[in-house]
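Chain residues, written in single-letter form:
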Amino acid sequence: MNDELRSYVAEARWFGGKGRDWELTSVRRVGELPGAPDGLRVTIELAEVVYGGDADTELYQLPLAYYQQPQDRIGHALIGEWHDDELGQAYVYDAVHDRESMALWLRAFAAADPVAGGAGPGELMFHRLPGHEFDLEAHSTLFSGEQSNSSVAFGEDSLMKVFRKVTPGVNPDVAIHQVLTEAGSTHVAALYGWLDLVDDEAEGTYSTIQLAMLQQFLRTASDGWDLALASVRNLFAEADLHADEVGGDFAGEAARLGVALAEVHDDLAEHFPLEQRDAAVVDDLATAMEQRLTAAIDVVPDLAVHEASLRATYAALRELDHIDVQQVHGDLHLGQTLRTSKGWKIVDFEGEPAKPLAERLKPDSAWRDVAGMMRSFDYAPRVVALTSGGYDAEESDQRAYRAAEWSARNRTAFLDAYTNRRGVEADRTARVLLDAYLADKVVYEAVYEARNRPGWLSIPLAALGETR
Ligand SMILES: Nc1ncnc2c1ncn2[C@@H]1O[C@H](COP(=O)(O)OP(=O)(O)O)[C@@H](O)[C@H]1O
Ligand SMILES: O=P(O)(O)O[C@H]1O[C@H](CO)[C@@H](O[C@H]2O[C@H](CO)[C@@H](O)[C@H](O)[C@H]2O)[C@H](O)[C@H]1O
């Protein structure tokens with residue numbers, strides 16, 4: 001296998017196998033973009049990664065630009081040099097960095113027939129929803145904060161998300177954006193199109209893999225997490241004022257976010273299956289949460305002091321005789337919200353990336369999303385308190401007090417607005433469910449922080465020591 005490609009995958013931000021024992025077992029070309037000028041080929045290749053010699057396999061999408069001549073302007077994106085059957089020896093670049101290549105992707109979307117059906121085996125199929133004229137002159141820019149996927153903006157016209165870890169089947173980000181766009185939701189960026197591949201090599205059968213999604217570029221967007229941090233900093237800077245008295249009070253925004261989530265949940269409930277699950281399923285949910293806790297204590301032994309109270313929270317779940325489930329976001333936090341001049345938008349409906357695709361489109365309790373947002377309101381002031389540093393003990397106590405005040409004020413504003421808008425009663429059943437999802441999320445966060453940001457592990461642990 002090509003060593004240059006292996007090193008490139010190993011270093012990529014979106015590669016989920018860091019720290020594990022893995023091998024790049026194959027890289028196969030599954031498509032080529034039409035219309036490339038002489039001396040350039042733009043391909044899509046799928047890299048197969050196998051872990052620890054066992055059956056645990058992942059597929060990663062590599063959009064590649066093969067140039068006959070070196071391209072200094074994208075030297076930082078050079079993967080290596082190897083032989084191409086048409087070009088001969090070629091310089092190979094990560095195509096998401098390359099304007100020439102990305103222009104071909106945009107043109108392929110623009111040329112798609114909005115009413116066309118499926119593709120044939122081994123074919124790329126660009127889909128387009130009617131109603132948007134693409135700006136084909138717009139230059140592409142790769143978003144620098146790329147994480148699980150690569151997002152490329154075309155001017156201020158559209159944004160393309162190239163999915164990196166791909167799996168046969170429907171990608172919830174595409175499916176949910178399509179439904180919400182067609183339902184006229186004002187809380188998501190409109191879907192413009194998506195790219196399917198009918199793969200004829202996955203497990204010997206034909207299966208569709210969704211490779212990319214093109215949507216409205218939200219040009220006036222500010223990140224919800226950044227706005228929340230700015231509001232906390234305002235409060236911390238005003239030692240004598242309360243959260244409702246400082247200029248950057250967030251409670252109005254928190255309430256508007258509650259309304260936005262309620263309206264998205266209503267739309268999802270209308271267009272995806274709504275189900276009621278019986279006591280056996282509630283029991284399984286409690287068991288899954290308990291198992292996650294057991295596994296988490298192995299990773300974060302400090303969780304053990306909270307074990308009894310967490311288990312009591314999960315045990316309360318078992319008293320419920322049913323649970324209502326529907327399509328949800330599945331991985332919601334302030335970093336998945338954008339404030340635009342036209343209100344709050346929710347992004348990234350891919351669900352929890354660690355979960356198999358099939359599980360991510362399964363109905364779940366709407367309280368999971370509510371709990372995700374409430375944990376985020378708890379995180380924001382703790383992060384500011386933790387990272388602002390340089391205070392004596394009295395000042396630190398004061399900051400902790402102010403942090404709790406900010407968190408409680410915004411959690412309440414968000415939750416009240418959500419329950420009012422949805423017309424759900426904040427009764428005992430709701431509280432039991434919300435508490436269980438809050439507990440489950442904080443346990444998940446402890447593991448996430450231990451693995452990714454050990455300096456922040458104290459944040460979920462401190463929350464466990466107080467109310468959640
Ligand atoms: N339609 C949009 N317009 C402008 N920015 C967006 C839009 N959708 C997402 N973003 C921003 O792009 C970045 C990546 O989006 P996200 O969907 O979270 O990608 P990933 O799946 O890689 O986590 C985030 O910073 C998000 O705020
Ligand atoms: O956005 P992702 O799907 O990658 O989510 C993961 O990373 C999140 C951090 O970026 C993490 O969220 C946790 O930290 C946030 C602040 O950085 C905070 O707002 C969230 O409430 C907290 O859970 C998320 O848990 C993880 O899955």
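Residues numbered from 1 in each chain as written. Chains lettered and ligands numbered in written order. Predicted model: local features only at pLDDT ≥ 70, side-chain atom pairs only at ≥ 80, totals over all residues. Heavy atoms only, no water.

A. Broad picture of the packing of helix α11 (residues 428-452) against helix α12 (residues 458-465). Viewed as axis vectors pointing N to C, α11 and α12 meet at an angle of 150 degrees, and their least axial separation amounts to 8 Å. Compared by their axis directions, α11 and α12 come out roughly antiparallel. In this structure, α11 crosses over α12, and the sense of that crossing is left-handed. Of α12, the residues touching α11 (which contributes V442, E445, A446 and E449) are P460, A463 and L464. (Axes fitted to C-alpha atoms, helices over the stretch in contact; angles between N-to-C directions. Helix = DSSP H or I, 4+ residues; strand = E, 2+ residues; numbered from the N terminus. Parallel < 35°, antiparallel > 145°, perpendicular 65-115°, else oblique. Left-handed = near helix turned anticlockwise from the far one by under 90°. Contact = heavy atoms within 4.5 Å.)

B. Highlighting the domain arrangement of the chain. The domain architecture assigned to the chain consists of domain 1 (2-216) and domain 2 (222-464). Using C-alpha coordinates to define each centre, domain 1 is positioned 32 Å away from domain 2. When the two sides are added together, the surface that domain 1 and domain 2 hide from each other amounts to roughly 1800 Å², 63% of it contributed by carbon and sulfur. Where domain 1 touches domain 2, the interface holds one salt bridge. We note a salt bridge from K161 to D348, for which the minimum N-O separation is 3.1 Å. Run the count over domain 1 and domain 2 and you get eight residue pairs in polar contact (both at pLDDT 80 or more). (Domains from an automatic or database assignment. Buried area = accessible area lost by both parts, 1.4 Å probe. Salt bridge = Lys/Arg side-chain N within 4 Å of Asp/Glu carboxyl O. Polar contact = N/O pair within 3.5 Å; in protein donor to acceptor, adjacent residues only side chain to side chain.)

C. Molecular detail of the site of ligand 2. Near ligand 2 lie 13 residues; those nearest to it are D331, H333, S376, Y444 and E445. The separation between an oxygen atom of ligand 2 and a polar side-chain atom of H333 is 2.9 Å. Within the side chain of Y448, an N or O atom sits 3.0 Å from an oxygen atom of ligand 2. Protein chains shield 88% of the accessible area of ligand 2, which is 540 Å² for the free molecule. Secondary-structure elements contributing two or more residues to the shell around ligand 2 are α9 (367-388) and α11. Sort the elements by how many residues they give to the shell around ligand 2 and α11 lands first, with four residues. In the shell around ligand 2, the residues fall into five nonpolar, three polar and five charged. (Near = heavy atom within 4 Å. Areas by Shrake-Rupley, 256 points an atom, 1.4 Å probe, with all protein chains shown as cover. Nonpolar A, V, L, I, M, F, W, Y, C, P; charged D, E, K, R; others polar.)

D. Highlighting the sheet that holds strand β13 (residues 222-223). Pairing in this open sheet of three strands is antiparallel, and the strands run β13-β16-β17 from one edge to the other. Each edge of the open sheet carries a strand with a single partner, namely β13 and β17 (343-346). With two bridges joining them, β13 and strand β16 (residues 337-340) adopt antiparallel strand pairing. The residue of β16 that forms the bridge with D223 is L338. Set on the sheet, helix α5 (residues 251-271) makes contact with β16 and β17; between it and β17 the angle comes to about 50 degrees. (Pairing = 2+ DSSP bridges.)

E. Molecular detail of the sheet that holds strand β11 (residues 191-199). With respect to topology, six strands assemble into an open sheet ordered β6-β11-β12-β9-β8-β7, the strand pairing being antiparallel. Edge positions in the sheet fall to β6 (124-128) and β7 (140-142), since each of these pairs with one other strand and no more. Along the sheet, successive strands turn relative to each other by an average axial angle of 25 degrees, direction set aside. Both β11 and strand β12 (residues 207-216) contribute to a ladder of eight bridges, which runs antiparallel. Residue pairing in the sheet places V198 in a bridge with T208 of β12. Each of β6, β7, β8 (150-154), β9 (158-162), β11 and β12 touches helix α2 (residues 99-111); the most contacted strand, β6, lies at about 65 degrees to it.

F. Layout of empty space enclosed by the protein. Enumeration according to the criterion identifies one cavity of 30 Å³ or more in this entry. By volume, the largest cavity is sized at about 30 Å³. In terms of lining, the largest cavity is formed by S231, L235, A243, V246, G248, D249, F250, W406, R409 and N410. Looking at the lining of the largest cavity, the elements with two or more residues in it are α4 (224-237) and α10 (393-422). Examining the composition of the lining of the largest cavity, we find that three residues originate from one element, α10, more than from any other. (1 Å grid on protein atoms, 1.4 Å probe; cavity = no way out; pocket = protein on both sides within 12 Å on 5 of 7 lines; lining within 4 Å. Points joined across faces, edges and corners; volume = space filled by probe spheres on them.)

G. How the structure looks around the confidence of the model for the chain. On average, residues of the chain score 92 in pLDDT, and 94% of them reach the 70 mark or higher. Per the prediction output, this complex has pTM 0.92; the corresponding ipTM is 0.97. (pLDDT = per-residue confidence, 0-100.)

H. Representation of the packing of aromatic side chains within the structure. Evaluated as defined, the whole model comprises 17 aromatic pairs. On the numbers, 5.8 Å between centres and 80 degrees between planes, the contact of Y67 with Y93 is edge-to-face. Of this pair, Y67 sits in strand β3 (residues 57-67) while Y93 sits in strand β5 (residues 88-94), placing them 26 residues apart in sequence. Every member of this aromatic cluster is reached through a ring pair, and the members are Y8, W14, F15, W22 and Y60. Lying across the ring of W22, R6 places its NZ or CZ 3.8 Å from the centre. If you follow R20 out to its NZ or CZ, it ends over the ring of Y51, 3.7 Å from the centre. (Phe/Tyr/Trp six-rings, centres within 6.5 Å; stacked < 30°, edge-to-face > 60°. Lys NZ or Arg CZ within 6 Å of the ring centre and 35° of its normal.)

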